[in-house]
Amino acid sequence: MALVTISGFPCSGKTTRAKQLKEYFESRISASEYDGPELSVAIIDDDISHVPRSSYDTSALEKPARASLFSNVSRSLGTDTITIVDSANYIKGYRYQMYCAAREARVRVATIHVVAPPDKCKEWHEKRGECSYKPATFDNLIMRFEEPSSMVRWDSPLFTIPWDEEPPFEDIWNAILKGDKKPPPAAV
Ligand code: ADP
Ligand code: MG
């Protein structure tokens, strides 16, 4: 039914947001006023795609990691599922590829940009301890990050969520349930 792509710096709070979104969607689906089709919500992330943090150390390792994530996403897409992709998703071309798969599967899309300043991400990264990135990899992922843009159709509709704000849950729900009512962005 929908593909929700989460994008953000390493340790910016992507997984936290993915879980909050899943919980919110499930509460809407089970609410008595919901009269849409039966839906389940799936989170596809690096862990279930067997992508360890070290995959981001080199592009040779990252390529098959991305392919593994992509095939899990493709498999999950369907009219009865809301698929949330919880990964860095920091490459424009990769988000485009997922968007095309979503179109092919005839599901709606939304992109969530989880935003926290690099210093905050670093602080959280140090606190988290386990499953950490190498320092150089961490910095690289921030440097290479290709920010989602609402001007391109594959990142649109785009919801930008600062770390210290409540996500616009209802707007995101409406976007995937009813589609984007705004005129389509100019083709790029
Ligand atoms: P990511 O999935 O991007 O690596 P996580 O959601 O796992 O990030 O969060 C990384 C760490 O940062 C966690 O330990 C979490 O407690 C903390 N964290 C994430 N988002 C916030 C937030 N908005 N405010 C405070 N701490 C946060
Ligand atoms: Mg995570």
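What comes next is a walk through the structure. Just so it is clear, the model here is predicted, and its values are computed rather than measured.

Observations regarding the site of ligand 1
Then, number 1: Lining the immediate surroundings of ligand 1 are Gly8, Pro10, Cys11, Ser12, Gly13, Lys14, Thr15, Thr16, Trp124, Lys127, Arg128 and Trp163.
Then, number 2: Those elements that provide at least two residues to the shell around ligand 1 are helix H1 (14–30) and helix H4 (118–128).
Then, number 3: Residue classes in the shell around ligand 1 are distributed as four nonpolar, five polar and three charged.

Description of the environment of Asp80
Then, number 1: You can see Asp80 is positioned in the loop between helix H2 (59–76) and strand E3 (81–86).
Then, number 2: By C-beta crowding, Asp80 is classed as exposed, having 10 other C-beta atoms within 10 Å.
Then, number 3: Those residues in contact with Asp80 that sit more than four places away from it in its chain are Met1, Pro37, Glu38, Leu39 and Ser40.

Comments concerning the nonpolar core
Then, number 1: In this structure, Ala2, Leu3, Val4, Ile82, Ile84 and Ala110 are the most contacted members of the largest nonpolar core, which totals 31 residues.
Then, number 2: Sequence-distant contacts of Ile82, that is, excluding residues within four places in its chain, are made with Met1, Ala2, Val4, Phe25, Leu39, Val41 and Ile176.
Then, number 3: Cys11, Cys121, Phe138 and Leu141 belong to the second-largest nonpolar core, a separate cluster that totals eight residues.

Quick word on the environment of Tyr90
Then, number 1: Tracing the chain through its elements places Tyr90 in the loop between E3 and helix H3 (92–104).
Then, number 2: We classify Tyr90 as partly exposed; it has 19 C-beta atoms within 10 Å.
Then, number 3: Taking the C-alpha atoms as reference, Tyr90 lies 16 Å from Arg153; in sequence the two are 63 residues apart.
Then, number 4: Apart from the residues within four sequence positions on either side, Tyr90 is in contact with Ser7, Leu141, Arg144, Phe145 and Glu146.

Some thoughts on the pairing of strand E1 (residues 2–8)
Then, number 1: By the criterion of burial, E1 is predominantly enclosed, with seven of the seven residues buried.
Then, number 2: What you see with E1 is no split at all: Ala2, Val4, Ile6 and Gly8 on one side and Leu3, Thr5 and Ser7 on the other are buried throughout.
Then, number 3: Looking at chain direction, E1 and E3 are connected through five bridges and run parallel. The residue of E3 that forms the bridge with Ala2 is Ile82.
Then, number 4: Where E1 meets strand E4 (residues 108–115), seven bridges bridge the pair, whose relative direction is parallel. Pairing of Gly8 across the sheet is with Val114, part of E4.

Each value, and the rule that gives it
- Residues numbered from 1 in each chain as written.
- Chains lettered and ligands numbered in written order.
- Predicted model: local features only at pLDDT ≥ 70, side-chain atom pairs only at ≥ 80, totals over all residues.
- Near = placed C-beta within 6 Å.
- Helix = DSSP H or I, 4+ residues; strand = E, 2+ residues; numbered from the N terminus.
- Nonpolar A, V, L, I, M, F, W, Y, C, P; charged D, E, K, R; others polar.
- Buried ≥ 20, exposed ≤ 12 C-beta atoms within 10 Å, placed from the backbone.
- Contact = placed C-beta atoms within 7 Å.
- Core = buried A, V, L, I, M, F, W, Y, C linked by C-beta atoms within 7 Å.
- Pairing = 2+ DSSP bridges.

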